[in-house]
Amino acid sequence: MAATSKAEPTHLQDMDEDDEEMDDREMDSEGDGGESMGVDNSDDEEDDTSEDEKENEAEIQRLEEQLSINAFDYNCHVDLIKLLKHEGELLRLRKARQKMSELFPLTEEIWLDWLKDEIRLTEEEPNREKVNELFEKAIKDYICPDIWLEYAQYSIGGMGSPGGIERVRSVFERAITAVGLHMTKGQTVWEAYREFENAILATVQPPPGKIPSHDEQELLNKQLQRIHTLFRRQLTIPLMDMEATYAEYEEWSDQGAPEEILHQYKTALQQREKYKPFEESLLVAETPKLAEYQAYIDFEMKQGDPPRIQMTFERALVENCLVPDMWTKYTIYLDRQLKIKDLVLSTHDRAVRNCPWTMSLWKSYLQAVERHGGTHQTVPDLFEKALNAGFIQATDYVEIWQVYLDYLRRRVDFSQESSQELKELRGSFSRCLDYMKQDVEERFGESGDPSCNIMQIWARIEARHCKNMQKARELWDSIMTKGNAKYANMWLEYYNLERAYGDSVHCRKALHRAVQCTSDYPEHVCEVLLTFERVEGSLEDWDVAVQKTETRLNRVNEQRAKMAEKEAIQALQEEEQLEQRRKGKADKRNQKKVQKGTGRFGEKRKAEQDEWTDPAEQAPKRHRGNGEQSKEEYLQSPGLQTSEKKAPPGYKGSTRPGFNKAQQDGAQNQSDDKMELRNDDNSVFISNLSYTLEAPEDTLRTLFETCGTVKQIRLVTSNKGTFKGYGYVQFENTESVSEALKLDRREVEARPMFVSPCVDKNKNPDFKVFKYNTNMEKHKIFISGLPFSCTKEQLEEISKSHGTVKEVRLVTFRSGKPKGLAYVEFADEAQASQAVLKMDGTDVEGNKISVAISNPPRRNSSKPGPGQPATNLTPHQAYGARGRGRTQVSLLPRSLNRQSGPSSKVENGSSEDGAGDAKPLSNADFVKMLLKK
């Protein structure tokens, strides 16, 4: 084994010399051929060679210049190394590899090429130490079996030196500890170790026929025991080809395998069967096999064997070294489970070298160094490297600064006012603010810390720990000058700080300034000021506060009214422009018809058709607010045969498919009998039920019998007899209707059932179903961004810590699926305002929610009046995804109609109060619209 290892560099060199000789012979033969033909190509070949060399040299210089500008260009490093290797520039190649290794972990292929090149160059004994150092660097980047095997084989070449055999064994022991559990490649390391020990055994065995001495026999037994131990250790580990190892052990051992080893071997075989599916999926998967490794890691985490978990992570990272999530998962496991200092810190270091742009990896690295008692100088040095790593967003710099400042704060003993640690903390806060202004804002065009969280923390530290309110006030003045003075929550944070560590004079000043500057929730700030004066102030202070709050709120209301008027005018102008465009298109269509010669015949034909209308199309509409009754419904209505207009020639009437005329007449007579019992005053309209609802009549009867005696249930069906999801429930008494209306929005098979009065819109065109208030509701809050799994009970539990919760309403789609929105009603306005300040931006099951005072958008899509605020809608938004329909008739009940808006933003309406909703259109208005068309 040792001889083979020593001969390897010479053998490789001999191969290179043979290749050179072959090349020379080929060149000679080509030269001879050229001379025999009377052509001399030597000059052309030299010119081509020199030209290629010049081009390659120019490319090398370009790559080196590019790296001098941006040393973190990974691909540029790789290209330069390939080009230098091709040109045979070994000294420049070594420097290029060293520079890349200082900045990035090298891949397994790059390391193996580098190591083999260095082995060829350093055949002398004194230089073996440099190669050993290079191997030590290589095994720190990735846990690779091939690199460990190369390291062990190279170390065998130095076994003849003093202590060489022990050094080889040390390398092998480290190798099987690092990669011996690798199911597919660990076998080769174990076999190489045994071969090495077998080679040692051959040197200590006495020649045949010679009786060994006591010392020789003891040395022989010790070597045999080493080989026995290696076999037994390997057979206890589940590896892919362990059957061959067991057969080799039985053949090698004179006494066979002991019972204990056989039992451990069978246990390892059983364990291997658990891992085989994952190994097989890795064999057939394509690189980088991220999903397969994730499944493998999850399985190992459940098994809970730390060495195997670590080995699986290391295998995954060899092929997914640029996946930050994989490093994060690995470092979290090491931080929380193993907690071995050297292993944890080395893995964190490898993580940030592979993914330097990931702020979270630097953050966890800094915290790990502090957690494991790193020196104070280590943390600042690591922090400076993080600042130069090149994060991709401004907020990353804010967060990494916060981690470093937290570390410095934990070092300070605040009982000593002039300690060096306190000076360092204050200096770092000042440097952080300068860094954000000069570096981050210039690079990203934004501060990354619009709420000035770092300055807020500094102010709290000065107030709480240093008792320096003057410095805290200076910091808050700076915070307000950075565009935060318009936010009520910022003023209330400052007010709370003054309440805790300041005095009532500065509390009053802060609230007075808040009243003048706040624009998002001025009512709440005014209420806080009045409450403060009730507790702290004199009558004069109370009068001043009342005057200031009234003046401010009057000004705010005036501004809101002006804004509402401006939006209304803008909406009218846009509507007029749309109308002009529609008229222009209609004129063009009419001109085209005239040019095509449709003539008077077409107009006459249209007039004749307009004179007669299918009676089913004139059905009175009974609906929830503004729904439409289908033709099938109307065919069951009394008085159908008394139509005033005659059908045009050739009209045979509508007959339901699958029914002959006699059957349809029979059904009609039966329906007429049922219609005689109809009473709209005792009925409710039911809609939004599932088409696939089983036994809908029985289901509705069960639901509504609790409200009173049900007289009849009329379901609306299609031509095929299938249920259309709506119908009517008629009671014996009118009093049952009010009870039935309370079942509105009751879930029926996971869908909200809509219940509304049964009203004929032809007889009562002004009827309007009231659902929810569209004005600002200061005692309610609107929540968006909720997880779809959030229930009313969970939301009530979250909200009740901020006040008395009266009602919680989750907003759903018509199908019953949640929208992630909700309204929560509190006992009074103050509790709602407090809930907005405390709940806005908090996390609920991993979702960051947004909270605001309830201000629902208006549900009326008609033209806004002079005093009515209008939403600024585009034509697409105003008329739906398919534009404005030809008939302008909405098939959705008007009480359920919503203006479509941008899907990326949930609106809670504007804050202005309107003068009133526009009058809804009646069926007569729709007929006029149709006749105009």
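Chains are numbered independently. Their residues run from 1 in the order of the written sequence. Side-chain atom pairs in this predicted model are given and counted only at pLDDT of 80 or more, local residue features only at pLDDT of at least 70, and totals for whole chains, interfaces and linings cover all residues. Hydrogens and water molecules were not included; the side-chain quantities draw on all heavy atoms of the structure.

Asks: I would appreciate a short explanation of the sheet that holds strand β10 (residues 818-826) in the present structure.
Replies: Adjacent strands of a sheet pair through backbone hydrogen bonds, lying either parallel or antiparallel. Here four strands make up an open sheet; going across it, the order is β9-β10-β8-β13 and the pairing antiparallel. Two strands close off the open sheet at either side, each with one partner strand: β9 (805-812) and β13 (850-854). The sheet shows a mean angle of 25° between the axes of neighbouring strands, direction not considered. Whether two strands pair comes down to DSSP finding at least two bridges between them. Per the convention used, a helix needs a DSSP run of H or I reaching at least four residues, while a strand needs a run of E reaching at least two, with both numbered from the N terminus. As judged from the five bridges shared by strand β8 (residues 777-784) and β13, these two strands associate in the antiparallel manner. If you follow Ser 784 over to β13, its bridge partner there is Ser 850. Any two residues having at least one pair of non-hydrogen atoms within 4.5 Å are treated as being in contact. Geometry is summarised by axes, namely lines fitted to C-alpha atoms with helices restricted to the contacting stretch, and by angles between N-to-C directions that run from 0 to 180 degrees. Of the strands in this sheet, β8, β9 and β10 touch helix α32 (residues 792-799), which is tilted by about 135° from β9.

Asks: Just to check I follow, could you spell out the pattern of salt bridges for this structure?
Replies: Each reported salt bridge corresponds to a side-chain nitrogen of Lys or Arg within 4 Å of a carboxyl oxygen of Asp or Glu. Counted according to the given criterion, the structure contains 41 salt bridges. As a salt-bridge pair, Arg 499 and Glu 536 come within 3.2 Å of each other at their nearest N and O atoms. Of the two residues, Arg 499 sits in helix α23 (residues 488-501) while Glu 536 sits in helix α25 (residues 522-536), which places them 37 residues apart along the sequence. Any residue under 20% of the maximum accessible area for its type is buried, any over 50% is exposed, and the rest in between are partly exposed; the area is computed with a 1.4 Å probe on protein chains only. Residue Glu 536 is classed as partly exposed on the basis of its relative accessible area, which comes to 40%. Shared partners join several salt bridges into a network, and the residues in it are Lys 85, Arg 97, Asp 117 and Arg 120.

Asks: Explanation requested: the nonpolar core in the structure shown.
Replies: Definition used in this section: a nonpolar core is a set of buried Ala, Val, Leu, Ile, Met, Phe, Trp, Tyr and Cys residues joined via side-chain atoms within 4.5 Å. In terms of nonpolar packing, the biggest core is built from 89 residues, with Trp 362, Phe 391, Ile 400, Trp 401, Met 436, Ile 454 and Trp 476 touching the most fellow members. Considering every element that reaches this core, the biggest residue donor is helix α19 (residues 394-411), with 10 residues.

Asks: Would you mind going over a positive patch on the surface with me for this structure?
Replies: A cluster of basic residues, Arg 581, Lys 585, Lys 588, Arg 589, Lys 592 and Lys 593, forms a positive patch at the surface. Its location among the elements puts Arg 581 in helix α26 (residues 539-595). To count toward a patch, a residue needs a relative accessible area above 30% and no salt bridge. Like charges then connect within 9 Å, nonpolar side chains (Val, Leu, Ile, Met, Phe, Trp, Tyr) within 5 Å. Per-residue accessibility takes into account occlusion by the displayed protein chains alone, with areas from the Shrake-Rupley method and a 1.4 Å probe. Just so you know, the count uses Lys and Arg for positive and Asp and Glu for negative, and it drops His and the chain ends. Just so you know, the charge point we use is NZ for Lys, CZ for Arg, CG for Asp and CD for Glu.

Asks: Please clarify how the confidence of the model for the chain should be interpreted in this entry.
Replies: The predicted coordinates should not be examined in detail at positions where pLDDT is low. The predictor's confidence in any single residue is recorded as pLDDT, a number from 0 to 100. Of all residues in the chain, 76% attain a pLDDT of 70 or more, and the chain-wide mean is 80. Predicted confidence for residues 599-673 stays below pLDDT 50, and this span has 104 contacts to residues more than four positions away or in other chains. Every residue in residues 910-917 scores below 50 in pLDDT, and together they form 26 contacts with partners more than four places removed in sequence or on other chains.

Asks: When you look at helix α13 (residues 290-303) in this model, what are you seeing that I'm missing?
Replies: For an α-helix the count is 3.6 residues per turn, leaving residues at separations of three or four pointing the same way. For α13, spanning 14 residues, the distance from its first C-alpha to its last is 20 Å, which sits close to the expected 20 Å at 1.5 Å a residue. Along its buried surface, α13 packs onto α12 (259-284), α14 (306-319) and α15 (324-338). Here the expected span of a helix is defined as 1.5 Å times the quantity of residues minus one.

Asks: Can you walk me through the packing of aromatic side chains in this structure?
Replies: Think of a pair of aromatic rings as described by two things: how far the centres are apart, and how the planes are tilted against each other in angle. For Phe, Tyr and Trp, rings pair up if their centres lie within 6.5 Å, where Trp contributes its six-membered ring, and each pair is then called stacked (planes under 30 degrees apart), edge-to-face (over 60) or tilted (otherwise). Across all of its chains, the model carries 30 aromatic pairs by this definition. Between Tyr 246 and Tyr 265 the ring centres are 4.3 Å apart and the planes differ by 5°, which places this aromatic pair in the stacked class. Of this pair, Tyr 246 sits in helix α11 (residues 242-252) while Tyr 265 is found in helix α12, placing the two residues 19 residues apart along the sequence. Of the two residues, Tyr 246 and Tyr 265, both sit in the buried class. Through successive ring pairs, a cluster of aromatic residues spans Phe 383, Phe 391, Tyr 397, Trp 401, Tyr 404, Tyr 407, Tyr 435 and Phe 444. Above the ring of Tyr 275, the side-chain terminus of Arg 308 is found at 4.0 Å from the ring centroid. Whether a charge sits over a ring comes down to the Lys NZ or Arg CZ being within 6 Å of the ring centre and within 35 degrees of the ring normal. Lying over the aromatic face of Phe 813, Lys 819 brings its terminal NZ or CZ to 5.0 Å of the ring centre.

Asks: Just checking my understanding: could you explain a nonpolar patch on the surface for this structure?
Replies: Taken together, the side chains of Leu 322, Trp 357 and Ile 392 make up a nonpolar region of the molecular surface, amounting to roughly 320 Å² of accessible area. Here Ile 392 is to be found in the loop between α18 (378-387) and α19.

Asks: Could you clarify how one ought to interpret the side chain of Glu 279 in this entry?
Replies: Looking at the element boundaries, Glu 279 is found in helix α12. Here a polar contact is taken to be a pair of N or O atoms separated by no more than 3.5 Å, where protein atoms must pair a possible hydrogen donor with a possible acceptor and residues adjacent in sequence count only if both atoms sit in side chains. Within polar-contact distance, the side chain of Glu 279 engages the side chain of Tyr 296 at 2.9 Å. In this structure Glu 279 touches Met 183, Thr 184, Met 240, Tyr 296 and Arg 315, once residues within four positions along its chain are discounted.

Asks: For this particular structure, what's the right way to read the packing of helix α16 (residues 341-354) against helix α17 (residues 359-371)?
Replies: Pairs of packed helices are described in terms of their axes, by the angle between the two and the distance that separates them. Direction vectors running N to C along α16 and α17 enclose 155°, while the axes themselves pass 9 Å from each other. Between α16 and α17, the crossing angle belongs to the class labelled roughly antiparallel. For the crossing formed where α16 meets α17, the hand is left-handed. Contact with α16, carried on its side by Val 344, Leu 345, His 348, Asp 349, Ala 351 and Val 352, involves Leu 361, Trp 362, Ser 364, Tyr 365, Ala 368 and Val 369 of α17 and no other residues of that element. Orientation labels follow simple angle bins: below 35 degrees gives roughly parallel, above 145 gives roughly antiparallel, 65 to 115 gives roughly perpendicular, and whatever is left gives oblique. Handedness of a crossing is defined here by the sense of rotation of the near helix relative to the far one, left-handed for an anticlockwise turn of less than a right angle and right-handed for a clockwise turn.

Asks: For this particular structure, what's the right way to read the sheet that holds strand β5 (residues 746-748)?
Replies: What the five strands build is an open sheet, ordered β3-β4-β2-β6-β5; its pairing is antiparallel. Every interior strand has two partners, whereas the edge strands, β3 (710-717) and β5, have only one. Pairs of neighbouring strands in the sheet enclose a mean axial angle of 30°, with direction left out of account. Note: β3 against strand β4 (residues 723-731), six bridges, orientation antiparallel. Following the sheet pairing, Leu 715 is matched in β4 by Gly 727.

Asks: I would appreciate a short explanation of unusual backbone geometry in the present structure.
Replies: Only a minority of non-glycine residues have a phi that is not negative, and only a minority of peptide bonds are not trans. For the bond from Thr 287 to Pro 288, the omega torsion is 15°, close enough to zero to count as cis. Phi angles above zero are rare outside glycine, and Cys 452 is one such case at about 55°. In this structure Cys 452 comes out as buried when scored by relative accessible area, which is 4%. Despite not being glycine, Ala 695 has its phi angle at roughly 45°, a positive value.

Asks: Mind showing me how you'd approach α18 here?
Replies: Taken as a whole, α18 has its buried residues at Val 379, Pro 380, Leu 382, Phe 383, Ala 386 and Leu 387. The buried side chains of α18 occupy one side of the element, clustering within an arc of 160° when seen end-on. The inward-facing, buried residues of α18 contact α17, α19 and α20 (420-444). Starting at the helix axis, one direction is taken to each C-beta atom, and the arc is that of these directions.

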